[in-house]
Amino acid sequence: MALLEIDGASKRFGATTAVDDVSLNVERGAFYALLGPSGCGKTTLLRMIAGFETPDSGRIFIDGIDVTGLPAYARPVNMMFQSYALFPHMDVAGNIAFGLRQERLDRRRIAARVDEMLALVQMSGYARRRPHELSGGQRQRVALARALAKMPKLLLLDAPLAALDRKLRAETRLELTGIQERVGITFLVVTHDQEEALSVASCVAVMDRGRVVQTGAPAEIYERPASRLVADFVGEVNLFEGELTAGFNGLALVVAGFREPVPLPCGTRLPEGAAAALAVRPEKVVLSHAPPAGFAIAATVSSIGYLGGGSIVHLATEQGMALKAYLPGAAASSFGRGAPVWATWPPDEAVVLTQ
Amino acid sequence: MLGFGFLYAPIVLLVFYSFNASRLVTVWAGFSTRWYGALLHDGAFGTAALTSLEVAAMAAALSLVLGTCAGFGMARFARFPGRLVFGFALLAPLVVPEVILGLSLLLLFVACQSWFGWPSRGMLTITVAHATFGACFVSVLVRAQLAGFDRALEEAALDLGARPWTVLTRITLPGISPALVSGWLLAFTLSLDDLVIASFVTGPSATTLPMAVFSSVRLGVSPEINALATLFLCVVFLLVALAGWLMARDERRRLFGRQV
Ligand SMILES: Nc1ncnc2c1ncn2[C@@H]1O[C@H](COP(=O)(O)OP(=O)(O)OP(=O)(O)O)[C@@H](O)[C@H]1O
Ligand SMILES: [Mg+2]
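Definitions and limits used
Residues numbered from 1 in each chain as written. Chains lettered and ligands numbered in written order. Predicted model: local features only at pLDDT ≥ 70, side-chain atom pairs only at ≥ 80, totals over all residues. Heavy atoms only, no water. Core = buried A, V, L, I, M, F, W, Y, C linked by side-chain atoms within 4.5 Å. Buried < 20%, exposed > 50% of the residue type's maximum accessible area, 1.4 Å probe, protein only. Contact = heavy atoms within 4.5 Å. Pairing = 2+ DSSP bridges. Helix = DSSP H or I, 4+ residues; strand = E, 2+ residues; numbered from the N terminus. Near = heavy atom within 4 Å. Polar contact = N/O pair within 3.5 Å; in protein donor to acceptor, adjacent residues only side chain to side chain. Areas by Shrake-Rupley, 256 points an atom, 1.4 Å probe, with all protein chains shown as cover. Nonpolar A, V, L, I, M, F, W, Y, C, P; charged D, E, K, R; others polar. Phe/Tyr/Trp six-rings, centres within 6.5 Å; stacked < 30°, edge-to-face > 60°. Lys NZ or Arg CZ within 6 Å of the ring centre and 35° of its normal.

Trainee: Explain the nonpolar core here, please?
Mentor: Nonpolar side chains tend toward joint burial in soluble globular proteins. Ranked by internal contacts, the top residues of the largest apolar core, which has 58 residues, are Leu4, Leu34, Leu45, Phe87, Leu156 and Leu188 of chain A together with Ile171 of chain B. Every residue in contact with isoleucine 171 of chain B, bar those within four places of it in the chain, is listed here: Phe87, His89, Met90 and Phe98 of chain A together with Phe149, Leu153, Glu154, Ala157 and Thr166 of chain B. In terms of nonpolar packing, the next biggest core, distinct from the first, is built from 46 residues, Tyr84, Ile110, Met117 and Ile185 of chain A among them.

Trainee: Looking at this model, I keep getting lost on the sheet that holds strand S20 (residues 351–353) of chain A. Mind explaining?
Mentor: Sheet strands pair via backbone hydrogen bonds, and the direction of the pair is either parallel or antiparallel. Residues and elements named next belong to chain A. The strand order S13-S12-S11-S14-S20 describes an open sheet built from five strands, whose pairing is antiparallel. The sheet is open, and its two edges are formed by strand S13 (262–263) and S20, each paired on a single side. Relative to strand S14 (residues 275–280), strand S11 (residues 238–247) runs antiparallel, the two sharing six bridges. Looking at S14, one finds that glutamate 241 is bridged to alanine 277.

Trainee: Could you clarify how one ought to interpret unusual backbone geometry in this entry?
Mentor: With the exception of glycine, the majority of residues adopt a negative phi angle, and the majority of peptide bonds are in the trans configuration. Phi at aspartate 21 of chain A is positive, roughly 50°, even though this residue is not glycine. If you trace the backbone, aspartate 21 of chain A turns up in strand S2 (residues 16–26).

Trainee: Quick question: what am I supposed to make of the site of ligand 1 here?
Mentor: Residue and element names in this part refer to chain A. The local shell around ligand 1 consists of Phe13, Ala18, Ser38, Gly39, Cys40, Gly41, Lys42, Thr43, Thr44, Gln82 and His192. Separating an oxygen atom of ligand 1 from a side-chain N or O atom of threonine 44 is a distance of 2.6 Å. At a separation of 3.0 Å, an oxygen atom of ligand 1 approaches a polar side-chain atom of histidine 192. When ligand 1 sits alone it has 630 Å² of accessible area, and the protein chains cover 61% of it. Tallying contributions element by element places helix H1 (residues 42–50) first for the shell around ligand 1, with three residues. Of the residues assigned to the shell around ligand 1, the class counts are three nonpolar, seven polar and one charged.

Trainee: I tried to follow the packing of aromatic side chains on my own but got confused; where do I start?
Mentor: The way to describe two aromatic rings as a pair is by their centre distance and the angle between their planes. Applying the stated criterion across every chain, the model contains seven aromatic pairs over all chains. Seen in terms of ring centroids, phenylalanine 133 of chain B and phenylalanine 137 of chain B are 6.5 Å apart; in terms of plane orientation they differ by 75°. Their pairing is edge-to-face. Taken together, the positions of phenylalanine 133 of chain B and phenylalanine 137 of chain B, both in helix H6 (residues 123–147) and four residues apart, correspond to about one turn of that helix. Accessibility expressed as a relative area gives 23% for phenylalanine 137 of chain B, which makes it partly exposed. Lying across the ring of phenylalanine 87 of chain A, arginine 146 of chain A places its NZ or CZ 4.6 Å from the centre. Just above the ring of tyrosine 222 of chain A sits the side chain of arginine 281 of chain A; from NZ or CZ to the centre is 4.0 Å.

The following block contains the structure:
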């Protein structure tokens, strides 16, 4: 049985449907990421799990118990807020102890637990500081410690790293996974940073306009997106829209910007004449100076963006279709701007999308 | 500049002459604190001052409770029937002339007395009258501070297992404490200051300090009054400064607190 089961939850605010018939299962011990563009209802879904919003319809079960009607203080769930929401009139230790005090634990147990939590997030020297005397990263740690102190069954994290700068975010992301493994609590993390979701999560749910459009392991989401939206939102992608036709070797896609039909992965079962899109990740695209054997697209290099570990090469076909290729290392240096190149990719590495 | 001059020159003059050794108010005859001494021995002013302080403290406490409730009502319950009317009713005493306020309260008290035989006019009626308009000021302050209060803090407390009552006493009230303190101080000084309303609603048993001063001034200004006024000014000034300082400190803290 999953730790968290959401069964057809919906929430409307006036005319907008913030969460639309969402069903989700989060397994015990998972590091589950909710990924989606801004305003797609991630926070609203989290707030329903925490008990700050009542779903208009649907049920929420935690550990098999229906918590839909329970008030926030009675749920075995804690939340780390998008704004951290540290109590400004209490010091760090007071903030972390707040939840424990509500359980009427004795003073020594609380103090020990606070010390343990401070050590866990590496903030041991800061017990007596007030929140406004901390940096953004330190506040984030205190907020995490406060939410973990009660050892909830499920920890909800709303964009926990959004307020941190890029480098700190990468470090904290690693720490977060470390902490999650150590405490063994199930994490449900909201993020609109797809890199974050892919790198830390054991499972990802992609949301769009209030709906969950795909769930799966990060690699599955990235390699086998179920729709154009997921393909486009998670990572970089080339999306070619076209119409299916019978090629000389299975199905092919007629794309307006290419001279010849593009071969599709074998095993594609779709009716001829249907509209579809082909998603090709930039790192699957292979560039060469001479025309390779088999399928290839003639194009010219329009610009090269250096990314450090590699380069992204933007190409344009004669018909004006743009595509991009990712070349690792210094491989892009042999292609100058305006140079004619041939682009191709293994047909089985592309994904056909009809949604 | 000139405006400030007109405002403060008489005050400075008054403070200055309160240390005058002469009985004549406008003739300087050297420094002395004898009028402060005389004030101490004058029982009438002492009683009046005590009455005033007592009334002010009680009225301020009452204002605080009522005003906080009203402020919460306005800030938290966005749509209840009659909200607009309630809002206006809260603001009205801030702009209605004191004479009218005093008169209407007097009529109310007289009516009450004739129907229920209670309350007899005196300290109680002054306290109630002061509490009503003090509560309006408090509610405005509380409402403003609640509007700037981060509700995520309350949710975080709920999330950590605190019952709504604990959230109110441990999180919300401490969070708006600057408004509560300055509201109390404001209500206190307003009550201490007030002559008009108090004169309307009082009975023979209670005389507040402003009333005592006013009636004695009508017999001629004595240096004793200057001394009294100076002391009074000090108290009011201190309270206002305290309120201002608390507000400023809160503002600073909020600025620091918000920069994530
Ligand atoms: N209390 C509310 N009243 C009215 N509309 C709301 C309320 N809360 C959220 N919404 C609307 O519901 C939708 C979803 O909001 P939500 O906060 O869940 O988005 P989000 O996915 O968390 O976005 P972000 O990534 O920017 O935090 C938005 O269109 C928002 O305007
Ligand atoms: Mg959000």
